[in-house]
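# A structural walkthrough
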Amino acid sequence: MSQADGVLRRRPLWSLGLLRSEIGMTFRRWRTLALLAVLAGVPVLVGIAVKIETGDGGSAGGGGGEGGPAFLSQITNNGLFLVFTSLAMTLPFFLPMSIGVIAGDSIAGEATAGTLRYLLVAPAGRTRLLLVKYATTMTFCLVGTLVVALSALLTGAVLFPLGDVTLLSGTSVSFGEGLLRALAIACVVALSLIGVAAVGLFISTLTTSGIAAMATTVGLLITVQILDTIPQLDAIQPYLFPHYWLSFADLLRDPVYWDQLQKNLGLQALYAVVFGSAAWARFTTRDITA
Amino acid sequence: MPRNEPTEGTDEWGGERSPKRRKAVRYGVPVAVVGVTAATIGLVPAFAGVGSPDLPKISAQDLVAKIATSDVQQLSGTVRISTDLGLPGLPGGVGAGAFGGDGPSGGAQGEDGASASPQNKLMELASGAHTLRVAADGPDKQRVSIVDKAAEYSFIHNGAEVWAYDSGSNTAVHSKAADGAKRGSHHGPHQGRPEGLPKDLKNATPQDLAKEALKAAGDTTSVTVDGTARVAGRDAYQLVIKPKQSGSTIGAIRISVDAENGVPLKFTLTPKSGGAAAIDAGFTNVDFAKPDADTFSFTPPKGAKVVDGDKEGAKAQKDFEAGKGFKGHKGMKDFKQGPDGFNVIGKGWTSIATIKGSGQGLPSGKEQDAAGDAGKFLDSVGDKVTGSFGSGRVFSTRLVNALVTDDGTIYAGAVDKQSLIAAANAAK
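Residues numbered from 1 in each chain as written. Chains lettered and ligands numbered in written order. Predicted model: local features only at pLDDT ≥ 70, side-chain atom pairs only at ≥ 80, totals over all residues. Heavy atoms only, no water.

## A look at the overall build of chain A
If you tally the helices and strands in chain A, you get ten helices and two strands. Counting across all 290 residues of chain A, residues that qualify as buried make up 53%. Once local pairs closer than 6 in sequence are excluded, the contacts in chain A between residues at least 24 apart make up 77%. In the structure as shown, chain A presents an accessible area of about 11800 Å², 69% of it carried by carbon and sulfur atoms. (Helix = DSSP H or I, 4+ residues; strand = E, 2+ residues; numbered from the N terminus. Buried < 20%, exposed > 50% of the residue type's maximum accessible area, 1.4 Å probe, protein only. Contact = heavy atoms within 4.5 Å. Areas by Shrake-Rupley, 256 points an atom, 1.4 Å probe, with all protein chains shown as cover.)

## Some thoughts on the pairing of strand S17 (residues 401–405) of chain B
All names here are of chain B. Most of S17 sits inside the fold, with five of its five residues counted as buried. Of the two faces of S17, the one lined by Asn401, Leu403 and Thr405 and the one lined by Ala402 and Val404 are each fully buried. Sheet topology note: the strand S16 (residues 390–396)/S17 ladder contains five bridges and is antiparallel. Residue pairing across strands places Gly392 opposite Thr405, the latter belonging to S17. Examined bridge by bridge, S17 and strand S18 (residues 410–413) share four bridges and lie antiparallel to one another. Bridge pairing in S18 links Val404 to Ile410. Between S17 and S18, which follow one another and run antiparallel, lie four residues, and Gly408 among them has a positive phi close to 95°. (Pairing = 2+ DSSP bridges.)

## As for the packing of helix H4 (residues 94–113) of chain A against helix H6 (residues 126–159) of chain A
In helix packing, the relevant descriptors are the interaxial angle and the interaxial distance, both defined with respect to the helix axes. All names here are of chain A. Direction vectors running N to C along H4 and H6 enclose 155°, while the axes themselves pass 10 Å from each other. On the basis of their axis angle, the class for H4 and H6 is roughly antiparallel. As for the relative orientation of H4 and H6, their crossing is right-handed in sense. Along its contact with H4, which presents Leu95, Ser98, Ile99, Ile102, Ala103, Ser106, Ile107 and Glu110, the element H6 presents Leu130, Lys133, Thr137, Phe140, Cys141, Gly144, Thr145 and Val148. Across the contact of H4 with H6, the residue classes tally to nine nonpolar, five polar and two charged. (Axes fitted to C-alpha atoms, helices over the stretch in contact; angles between N-to-C directions. Parallel < 35°, antiparallel > 145°, perpendicular 65-115°, else oblique. Left-handed = near helix turned anticlockwise from the far one by under 90°. Nonpolar A, V, L, I, M, F, W, Y, C, P; charged D, E, K, R; others polar.)

## Structural notes on the interface of chain B and chain A
On the side of chain A, 46 residues touch chain B, which itself brings 43 residues to the contact. At the boundary of chain B with chain A, total buried surface from both sides reaches about 3600 Å², with 53% on carbon and sulfur atoms. Remark: the boundary between chain B and chain A carries one salt bridge. The salt bridge involving Glu152 of chain B is made with Arg253 of chain A; its shortest N-O contact spans 2.7 Å. For the pair chain B and chain A, the number of links is nine residue pairs in polar contact (both at pLDDT 80 or more). Taken together, the residues of the side of chain B that touches chain A sort by class into 15 nonpolar, 15 polar and 13 charged. (Buried area = accessible area lost by both parts, 1.4 Å probe. Salt bridge = Lys/Arg side-chain N within 4 Å of Asp/Glu carboxyl O. Polar contact = N/O pair within 3.5 Å; in protein donor to acceptor, adjacent residues only side chain to side chain.)

## Topic: the pairing of strand S1 (residues 74–83) of chain B
Residue and element names in this part refer to chain B. Bridge count between S1 and strand S2 (residues 128–137): ten bridges; the pairing is antiparallel. Bridge pairing in S2 places Ser82 opposite Ala129. In this structure, S1 lies alongside strand S11 (residues 279–287), joined through eight bridges in antiparallel fashion. Across the sheet, Gly77 pairs through a bridge with Val286, a residue of S11.

## Points about the nonpolar core
Core analysis: the largest hydrophobic core is formed by 83 residues, its most contacted members being Phe71, Phe84, Leu116 and Phe248 of chain A. If you look at the next biggest cluster of nonpolar residues, it comprises 44 residues, including Val144, Val263, Val307 and Trp349 of chain B. (Core = buried A, V, L, I, M, F, W, Y, C linked by side-chain atoms within 4.5 Å.)

Structure (C-alpha cells):
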C-alpha cells in the first residue's frame, strides 16, 4: 500500500501513485498470475489440438466448420486466425470470469483483509479510490486480452504458416494489415469487458466478502449468458452486456461492418456509467467497518 | 460520523446534509442514467416515426409507374430482413433435407463441402432476422453478403463468373453464369443450384419483393398511397397493397418507395391474423453511388476449398432424375408423375396450388419454404379436417396453409382453411 504523504494539494500525482501501487499489487498477486497463465494456456491448447487433428493433412473441422468456434477452419491456413479463434473462445467465459474475479475482489477483498479502512484513512477520498480500483480492473481487461492474443500469435506462428489473411468476405489482405486488424480486435475485446468490470465493481461494494463478490459476479455472468441464448427473451437481449460481444468479428469484414461494433461499445459504456455510478453511490455513503 | 467517512475537501458534497438524503441523491445518479437511456430508446423510434416528410401528393398509379420505370442500376447498402412465417425454427440442414432427401443423404451433402451451397443459405433466410449487404452495378455485377455471427456468406456475380464464398467452411463455389439459361426451364428441387441463385438471392431485396407483389396486383387488389415515411435516411412514399379477396391470409403489403428515384426501400407483409410482420425487409442504409469496382472482384482465397458449382448441379440433377434423392420419403415413387398433376386453381391472391396423387410437390415461388417444411413435419403437426372430399390434414403457418388429403392430394396457398376445404370439395 502506498503511503500517503499527507499533502492534500498534490492530488493528481498522488492518485497516479495510488494507481501505480494498485496495479503493481494486483499483478504481483499469485492468483492474478494464475489467471493470466490460464488465459495464455487456452490458445496453446487450441493450437496443439488443431495441429494434431490436422496432422495427417485433413482440414480442421472436417467441413463441419459451423459447429466449432468461429474461424477454427482457417487456422491451418494461417496462424493469425488462432488469435481470432482464441479471443472468440475466451471472450464468452474465461476472460469475463477473470475480470469478475479481479473486479469482485477489488473493494470487497480489501474489506475481507481488513485493509479497506486503512486505505480510507489516507486522504485519497473514496471516489478516487473507487476510480483507481476501476482503472486497475480495466488495465487487467487489456492485459488479459493481450495475453490471450500474444500467446495465440506465438503459438500460431510456431505451429502454422503465416501469410496473407483471408477476410470473412473472401478478400485477402496483407499480413501486416491482418496484424493491425488483430490489434484492433484485441482492443475491442478489452473494451467489451468494461461493462462486466463495472458490474463486478458494484457488487464488490455491496459486500465485505471478497469470495462472495467474485462468485456473485461470475454467477451473474453465467446467468446473463444463458438468458442471451433463450430465443423467447429476444426482446431484452439487446440490452444484455454480452449480447454484442462477438461483434468484434465484424472488423474482419470488407468493408468493416460498424453497426454492431458501435452498439457493443455503446452498451458497454452504458453499463460502465450505470454500475460505476451505482458503485460510487454505494461506496461513498456506506459505513466502512472492516 | 465514523472516522473514515469520505475525506472532506475531496468531495463537493458538504457534510451539512443528512447522510440519508445524500445517499438518496447519489443513488439517483445511476437511476437517472437508466431512466434517460430507457426514455431515449423508447422515444427515438417514436420521433423518427413522426418525422414523415412533406412530399407532393402522388396517385397510386403514378407511384406504381414510378417503381416500374425506376432505372437505378447502381446501389449499395445494408438490408435487414426479418421473417416470421410461423414455421418451426429451421436448423440449417432441414431445408436441404426436405428438398434433397432425408437425413443420410442430406448429411452426406454437408460433409462434401456443400454446406456452402446456396440453397442452404436461402433456407436460412426463411426464418429469423438477417442482415444483408448488397451492392449492384448494372445487370452484370451484383454482390450480396449475408452477415452472420462471426461468419459471412458472400455471393458475387461479375459478368460470366459467379462465385459464392462461405467463410464458415472456407469454401468457394464457382460457376458460369451463362450456363444458367440452358437449364432455366427446370424448377423445383434445383432452386438452389448456383446458377439459379442470382434471381433467388436477389429476391430477398426490397426491389424484387415489391416487383413480385405488384405483379400479383390486378382487379383482385386495392393499391393505395398511404402517407410518407423516412427509410434509411431517405424520403419515401408508402404504397399499400391489400388483397380484395376475403380468403387470403395476407393482410396488407406496405412498400416504401424512394420519392426521388422510385426504388422500393422497404417491404412489409402483414398477415391478416395480425401480429408482427411476416416478412419485413428494408434498407437500413442505402447509397446510390457507383460501388467500387473491387466490390465485384473475387479470387478464391489461398487454402479455400473450391467447388465447381456446375458439376455439382449436374450431379444433383442426375441423382434427382434417378429418384435417388427421394428414397427417404414415403410414396415418392409416384413422384415422376408429379409435375403432370400440378395445377393452380383460382387466380390472384387466393390461387391454390394442387398436386394430385402423393408427393412432396413442387411448390412454386414464394410458398416453397413453407410447403417444403410442411412435408417434413407431416406426421407431427396438422389438424384433422373432413369435408365432402373425404378427410385430410391442414398444416398452417402464418401465411401459407396446406391441406393434404388422405389420398395424398395437396392443396396449398396463401388462403385460409375454409378456402382450401372448399377447393378440395369443388375438385371432387
